[in-house]
Amino acid sequence: FTRALPRRGTMLRAFLLATACASATAFSPAGIPVTSGAKRAAVSAAPSRLAAAAPMRTMSPLTGLSMALKSVPHGGKLTENIIKDDAKKAELAKACDFEVQLNERQLCDVELIMNGGLSPLTGFMDEKTYQNVVDNMRLPGSDLLFGLPIVFDTNDERMVPGKTVLLKDGDRDIATFKISDRYMPNKVNECKQCYGETTLEHPGVLMVATQRGAYYCGGEVTGLNLPIRDFPCKTPAEVREELPEDVDIVAFQCRNPIHRAHYELFTRALDAPEVGEGGVVLVHPTCGPTQADDISGVTRYKTYVVLAEETANPRITWDYLPYSMHMAGPREAIQHMMIRKNFGCTHFIIGRDMAGSKSSITGDDFYGPYDAQDFAKKHGPELGMTPVPSLNLVYTEEKDYVTAEQAKEENLSEKKLSGTAFRKMLRGGEEIPEWFAFKSVVKVLREEEMKK
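**Student:** Hey, could you run me through the overall build of the protein chain in this one?
**Tutor:** The helix and strand tally for the protein chain stands at 14 helices and 14 strands. With 452 residues in all, the protein chain has 58% of them scored as buried.

**Student:** So what exactly am I meant to see when it comes to helix α9 (residues 297–311) here?
**Tutor:** An α-helix turns once per 3.6 residues; consequently, residues spaced three or four apart project the same way. For α9, which comprises 15 residues, the first-to-last C-alpha distance of 21 Å matches the rise-based estimate of 21 Å (1.5 Å per residue) to within 8%. Burial in α9 covers these residues: Gly297, Thr299, Arg300, Tyr301, Thr303, Tyr304, Leu307, Ala308 and Thr311. Among the structural elements, α8 (260–268), β9 (316–318) and α14 (439–450) are those in contact with the buried residues of α9.

**Student:** Hey, could you run me through the packing of helix α10 (residues 330–342) against helix α11 (residues 371–383) in this one?
**Tutor:** Geometrically, a packed helix pair is captured by the angle between its two axes and the distance between the axes. Here α10 crosses α11 at 40°, and the two axes come no closer than 9 Å. Our classification of the angle between α10 and α11 gives oblique. The handedness of the crossing between α10 and α11 is right-handed. Only Asp371, Ala372, Phe375, Ala376, His379, Gly380 and Leu383 of α11 make contact with α10, whose side of the interface consists of Pro330, Arg331, Ala333, Ile334, Met337, Met338 and Lys341.

**Student:** Which parts of the structure should I look at to understand the sheet that holds strand β13 (residues 400–403)?
**Tutor:** Either a parallel or an antiparallel arrangement is found when strands of a sheet pair, and the pairing is made through backbone hydrogen bonds. Strand order in this open sheet of three strands is β13-β12-β14, and the pairing throughout is antiparallel. The sheet is open, and its two borders are formed by β13 and β14 (414–415), each paired with just one other strand. As paired elements, strand β12 (residues 393–396) and β14 share two bridges and run antiparallel to each other. Its bridge partner lying in β14, tyrosine 395 is registered against lysine 415. Packed onto the sheet, α8 meets β12 and β13 and runs at close to 55° relative to β13.

**Student:** It is not clear to me how unusual backbone geometry should be interpreted in this structure. Could you clarify?
**Tutor:** Residues other than glycine predominantly adopt negative phi, and peptide bonds predominantly adopt the trans conformation. In the segment running from serine 119 into proline 120, the intervening peptide bond is cis, with an omega of 15°. A positive phi is found at aspartate 400, a non-glycine position, where the angle reads about 60°. Of note, aspartate 400 is situated in strand β13.

**Student:** Got a minute to help me understand the packing of aromatic side chains in this structure?
**Tutor:** The geometry of two aromatic rings is summed up by the distance between their centres and the angle between their planes. Tallied over the entire structure, the rule returns 17 aromatic pairs. When the ring of phenylalanine 152 is compared with that of phenylalanine 177, the centres are 5.2 Å apart and the planes differ by 45°; the resulting orientation is tilted. Here phenylalanine 177 lies in strand β5 (residues 172–183) and phenylalanine 152 lies in strand β3 (residues 152–154), a separation of 25 residues in the sequence. Exposure remark for phenylalanine 152: the relative accessible area of 1% places this residue in the buried category. According to the relative accessible area criterion, phenylalanine 177 is buried, its value standing at 0%. Ring centres 5.0 Å apart and planes at 90° place the aromatic pair tyrosine 301 and tyrosine 320 in the edge-to-face group. Separated by 19 residues along the polypeptide, tyrosine 301 in helix α9 and tyrosine 320 in the loop between β9 and α10 bring together distant segments of the chain. Tyrosine 320 matches tyrosine 301 in its accessibility class, with the two residues each being buried. In this structure an aromatic cluster arises from ring pairing among Phe252, Tyr263, Phe266, Trp318 and Phe438. The ring of tyrosine 215 has arginine 182 sitting right over it, with the charged end atom 4.2 Å from the ring centre.

**Student:** Honestly, the pairing of strand β1 (residues 98–101) in this entry has me stumped. Any pointers?
**Tutor:** On β1, burial follows the alternation: Phe98 and Val100 on one face are buried, whereas Glu99 and Gln101 on the facing-out side are not. For β1 and strand β4 (residues 164–169), the ladder comprises four bridges, and the chain directions are parallel. Residue pairing in the sheet places valine 100 in a bridge with leucine 167 of β4.

**Student:** It is not clear to me how the pattern of salt bridges should be interpreted in this structure. Could you clarify?
**Tutor:** Side-chain pairing between opposite charges can occur once the charged atoms of the two side chains come close. Considering all chains together, one arrives at 19 salt bridges under this definition. Two residues, lysine 168 and aspartate 173, come together in a salt bridge whose shortest N-O distance is 2.5 Å. When its relative accessible area of 22% is taken as the criterion, aspartate 173 is described as partly exposed. The partner of lysine 451 in a salt bridge is glutamate 448, with the nearest N and O atoms 3.0 Å apart. Note on glutamate 448: relative accessible area 14%, which makes it buried. Three or more residues joined by partner-sharing salt bridges are found here, namely Arg260, Glu264, Arg268 and Asp400.

**Student:** Explain the confidence of the model for the protein chain here, please?
**Tutor:** One rule of thumb: low pLDDT means the predicted coordinates there are not for detailed reading. Looking at the protein chain as a whole, its pLDDT mean stands at 84, while 83% of the residues score no less than 70. Low pLDDT (under 50) marks residues 1–53, which in the prediction has 148 contacts with non-local residues, meaning those over four places away or in another chain. Below a pLDDT of 50 lies the segment residues 56–69, which in the model reaches 45 contacts outside its immediate sequence neighbourhood of four places, other chains included.

**Student:** Would you mind going over helix α5 (residues 187–195) with me for this structure?
**Tutor:** Within the sequence span of α5, burial applies to Lys187, Glu190, Cys191, Gln193, Cys194 and Tyr195. Buried positions along α5 lie against α4 (127–136), α6 (203–210), β6 (215–223) and α10. Two or three places before valine 188, at the opening of α5, asparagine 186 has a side-chain oxygen 3.3 Å from that residue's backbone nitrogen. Trailing α5 by a residue or two, glycine 196 shows a phi angle of about 75°, which is positive.

Rules of the game
Residues numbered from 1 in each chain as written. Predicted model: local features only at pLDDT ≥ 70, side-chain atom pairs only at ≥ 80, totals over all residues. Heavy atoms only, no water. Helix = DSSP H or I, 4+ residues; strand = E, 2+ residues; numbered from the N terminus. Buried < 20%, exposed > 50% of the residue type's maximum accessible area, 1.4 Å probe, protein only. Expected span 1.5 Å × (residues − 1). Contact = heavy atoms within 4.5 Å. Axes fitted to C-alpha atoms, helices over the stretch in contact; angles between N-to-C directions. Parallel < 35°, antiparallel > 145°, perpendicular 65-115°, else oblique. Left-handed = near helix turned anticlockwise from the far one by under 90°. Pairing = 2+ DSSP bridges. Phe/Tyr/Trp six-rings, centres within 6.5 Å; stacked < 30°, edge-to-face > 60°. Lys NZ or Arg CZ within 6 Å of the ring centre and 35° of its normal. Salt bridge = Lys/Arg side-chain N within 4 Å of Asp/Glu carboxyl O. pLDDT = per-residue confidence, 0-100. Polar contact = N/O pair within 3.5 Å; in protein donor to acceptor, adjacent residues only side chain to side chain.

Next comes the structure, spelled out in structure tokens:
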């Protein structure tokens with residue numbers, strides 16, 4: 001990336017913008033800003049294959065930001081709303097009109113709304129908010145960036161405005177949902193704008209078209225109990241408490257087991273010119289639903305636990321995110337950056353083809369390898385997040401992991417192992433080279449494979 005603006009100046013502009021929005025904007029129960037904030041100054045072009053982009057603001061460079069202001073939540077404050085008093089929980093649950101069981105994707109969204117991970121939202125989006133996020137990637141009123149719509153889908157005829165629903169995960173009361181709006185979305189437009197595609201070959205489009213209900217509902221969510229998961233998911237407030245206050249926090253997002261190349265990538269990111277001295281990495285994998293052929297969240301979590309123990313790196317913190325992947329490429333990169341900002345991060349590693357996907361028929365990529373990086377570079381300063389482009393690392397016999405450029409310049413001997421070959425070796429009990437994967441991770445994957 002071309003770093004034309006001072007890093008600390010970028011962060012100050014983001015802080016001033018967030019503070020202004022927080023003080024000038026009131027939020028409705030559905031999380032919809034109702035008073036006007038700063039207006040857009042210019043309109044940017046969308047990246048390749050995407051029909052929508054958020055209009056850009058222009059801001060003057062400023063310097064001298066204290067690091068204590070580095071991680072202001074999106075919109076100025078965390079919107080955590082979880083009732084602590086058991087008697088109050090019982091009272092709210094009893095007052096609901098009926099119960100609804102949450103599916104896995106809905107459960108992730110509800111948890112991130114109630115714990116503040118999706119700040120400034122306090123509920124599911126009504127039609128006006130949904131439409132503005134889909135078409136403009138912004139919340140109405142405050143004009144804050146927001147990557148993807150957060151909606152509650154349903155076919156239930158009982159879910160109409162004025163009703164309050166008890167949202168459950170099995171026998172556990174999770175939240176109450178006070179419905180303020182019910183609408184039929186234009187799913188074709190949603191997919192075109194958010195995914196850049198309308199073909200069912202795209203996993204996100206397939207999800208919207210075949211898994212979501214015909215209607216969306218908006219309204220306020222009040223948390224009662226966090227879900228009980230096999231993988232613990234700390235709230236943004238809890239994660240912030242364990243992160244240092246005076247250094248850069250670099251977030252690493254992944255949805256797969258971490259192998260050697262990944263580990264080299266996020267540890268070397270701490271030496272990137274965008275990152276200040278003494279920075280730390282927050283490895284923050286998504287453990288919710290992803291693509292159909294991805295490894296399960298529980299199995300992924302087990303690999304992260306053993307790897308954290310094996311590496312025991314004091315500059316790495318491990319936490320887990322209850323997020324369902326959309327495979328939306330550039331726009332999902334903005335969503336991830338925004339969420340990690342709420343968890344206290346200042347920087348975000350953007351890998352090649354982040355949140356990308358391939359056609360289920362042809363195998364062709366839906367996005368270019370650098371679309372997400374370019375989109376993050378464009379919108380990162382407004383979010384108050386600094387994108388850190390990931391290195392293109394390769395393993396060489398002579399010098400271990402180096403950049404692909406160095407390997408080419410020095411004519412080094414590269415070693416490669418495809419994902420398909422790795423999975424075949426894993427199933428066949430073959431020895432996996434340690435330059436490719438950690439022994440502890442391979443052991444967990446083999447144990448889980450044997451359970452199938």
